[in-house]
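# Secondary and tertiary structure notes
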Amino acid sequence: MIRARDLRVRLDGNLIVDGVDLDVASGEWVMVIGPNGAGKSTALRAIGGLLPFTGVVELDGRPIDTLHRRERAKTIATVNQTPTVPPGMRVLDYALLGRTPYIPPLGRESAADLAAVEEVLESLDVARFAGRRLETLSGGERQRVFLARALAQGAGILLLDEPTSALDIGHQQEVLELIDRLRAERGLTVLATMHDLSVAGEYAERMVLLAEGVVAAAGTAREVLTEENLAKHYRVRVRVIDGE
Ligand code: ADP
Ligand code: MG
Ligand code: MG
């Protein structure tokens, strides 16, 4: 589970995340939504231990700053919005990076690491691409390989920064459904940021609306995606889910 209290992140002297409280229960999927520049990515990176912050971040009940590198890698895995794709790297080798915080000499991975990665590639339906160079895959296929690297880490908590932002609507739904299946099958705790709201509400158990670094609303999708909230915080018009 994730517990953040009074989370603050300062970048270049500006308070980008300004006192955020956030809870994700074990096995739950929470979405952080909000307009561009709201501080979603920054908050996510702080929670993942990738940026200095003040306040409290606890993962499975333990303050993140007490977790050593390897322990942290076994607890929480982050997929950035646009992960760097090392040129020429094969899918299998990329996914193997998830097995260790250190890059092993390729081709000398242990049988256990190889088996774990193959299982993950299988479950994400990308095992047939194992020998392909990452840059030759389609957007949706590549997103699944990014997830594979994170899952290969073996962490119970997944942080996903706009996992669907590079995809068309059909692939967005596919990836969100996949994440939900993985959450259910592996008991993962998921915190994901989303900019596009057209399909987000169908998947999130709970949402946190971030605006200018603070929580403007939190609750179920129906409670958060109100016309009032969206008009106030999004410059463009966003469709509101119809009540039924
Ligand atoms: P979001 O993910 O919600 O779009 P971000 O967390 O990426 O928002 O950014 C929030 C704000 O922080 C933006 O105004 C952005 O320009 C600013 N910001 C991001 N990185 C830095 C940085 N390294 N230094 C200063 N400001 C930054
Ligand atoms: Mg952004
Ligand atoms: Mg962002």
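Rules behind the numbers
Residues numbered from 1 in each chain as written. Chains lettered and ligands numbered in written order. Predicted model: local features only at pLDDT ≥ 70, side-chain atom pairs only at ≥ 80, totals over all residues. Heavy atoms only, no water. Salt bridge = Lys/Arg side-chain N within 4 Å of Asp/Glu carboxyl O. Helix = DSSP H or I, 4+ residues; strand = E, 2+ residues; numbered from the N terminus. Buried < 20%, exposed > 50% of the residue type's maximum accessible area, 1.4 Å probe, protein only. Core = buried A, V, L, I, M, F, W, Y, C linked by side-chain atoms within 4.5 Å. Contact = heavy atoms within 4.5 Å. Axes fitted to C-alpha atoms, helices over the stretch in contact; angles between N-to-C directions. Parallel < 35°, antiparallel > 145°, perpendicular 65-115°, else oblique. Left-handed = near helix turned anticlockwise from the far one by under 90°. Nonpolar A, V, L, I, M, F, W, Y, C, P; charged D, E, K, R; others polar. Expected span 1.5 Å × (residues − 1). Arc of directions from axis to C-beta. pLDDT = per-residue confidence, 0-100. Near = heavy atom within 4 Å. Polar contact = N/O pair within 3.5 Å; in protein donor to acceptor, adjacent residues only side chain to side chain. Areas by Shrake-Rupley, 256 points an atom, 1.4 Å probe, with all protein chains shown as cover.

## What to know about the pattern of salt bridges
For the structure on display, the rule yields 13 salt bridges. Between R206 and E28 there is a salt bridge, with the nearest N and O atoms lying 2.8 Å from each other. Of this pair, R206 sits in strand β9 (residues 206-211) while E28 sits in the loop between β2 (14-24) and β3 (29-33), and the two are 178 residues apart along the sequence. Take R206: its relative accessible area is 26%, and that puts it in the partly exposed class. Looking at E28, the relative accessible area reads 13%, which means it is buried. Linked by salt bridges that have partners in common, D6, R8 and D18 make up one network.

## Some remarks on the nonpolar core
Within the largest apolar cluster, 53 residues are counted, with the highest numbers of intra-cluster contacts made by M31, I33, L124 and M207. Looking at this core element by element, the count peaks at seven residues for helix α5 (residues 139-152). Sequence-distant contacts of L124, that is, excluding residues within four places in its chain, are made with R144, L147, A148, L151, L178 and L182. Listed in part, the 26 residues of the second largest apolar core include I2, I76, L191 and L210.

## Thoughts on unusual backbone geometry
Notably, D12 is not glycine yet its phi reads approximately 50°, a positive angle. For D12, the position within the fold is in the loop between β1 (2-11) and β2. A residue is classified by how much of its surface remains accessible, and D12, at 81% relative accessible area, is exposed. The backbone phi angle of D125 is positive, close to 60°, even though this residue is not glycine. Of note, D125 is situated in the loop between α4 (111-123) and α5. Judged by its relative accessible area of 44%, D125 falls in the partly exposed class.

## Observations concerning the packing of α4 against α5
Between α4 and α5, the least distance of the axes is 9 Å, while the angle of their chain directions is 140°. The pairing of α4 with α5 is recorded here as oblique in orientation. In this structure, α4 meets α5 at a crossing whose hand is right-handed. Contact with α4, carried on its side by V117, V120 and L121, involves A148, L151 and A152 of α5 and no other residues of that element. Here the contact of α4 with α5 is composed, by residue class, of six nonpolar, no polar and no charged.

## Quick word on helix α6 (residues 169-186)
For α6, which comprises 18 residues, the first-to-last C-alpha distance of 26 Å matches the rise-based estimate of 26 Å (1.5 Å per residue) to within 8%. For α6, the set of buried residues is Q172, V175, L176, L178, I179, L182 and R183. Down the axis of α6, the buried side of the element spans an arc of 155°, and every buried residue falls inside it. Within α6, the exposed residues directed more than 90 degrees away from the buried face are A184 and E185.

## Points about the confidence of the model for the protein chain
Note that predicted coordinates carrying low pLDDT should not be read in detail. When the pLDDT values of the protein chain are averaged, the result is 90; 93% of them are 70 or greater. Across the predicted assembly, pTM comes out at 0.92 and ipTM at 0.95.

## Quick word on the side chain of T164
On the secondary structure map, T164 appears in the loop between β7 (157-161) and α6. On the basis of relative accessible area, T164 is assigned to the buried category, the value being 3%. Contacts of T164, omitting those with residues within four sequence positions, involve Q172, V175, L176 and M194.

## Observations regarding the site of ligand 1
All residues adjacent to ligand 1 are L11, D12, I16, P35, N36, G37, A38, G39, K40, S41 and T42. Within the contact set of ligand 1, an oxygen atom lies 3.1 Å away from a backbone nitrogen or oxygen of A38. Interatomic distance of 2.9 Å between a side-chain N/O atom of K40 and an oxygen atom of ligand 1. Protein burial of ligand 1: of its 560 Å² of free accessible surface, 60% is covered by the chains. Of all the elements, helix α1 (residues 40-47) adds the most residues to the shell around ligand 1, at three residues. For the shell around ligand 1, the per-class residue count stands at four nonpolar, five polar and two charged.

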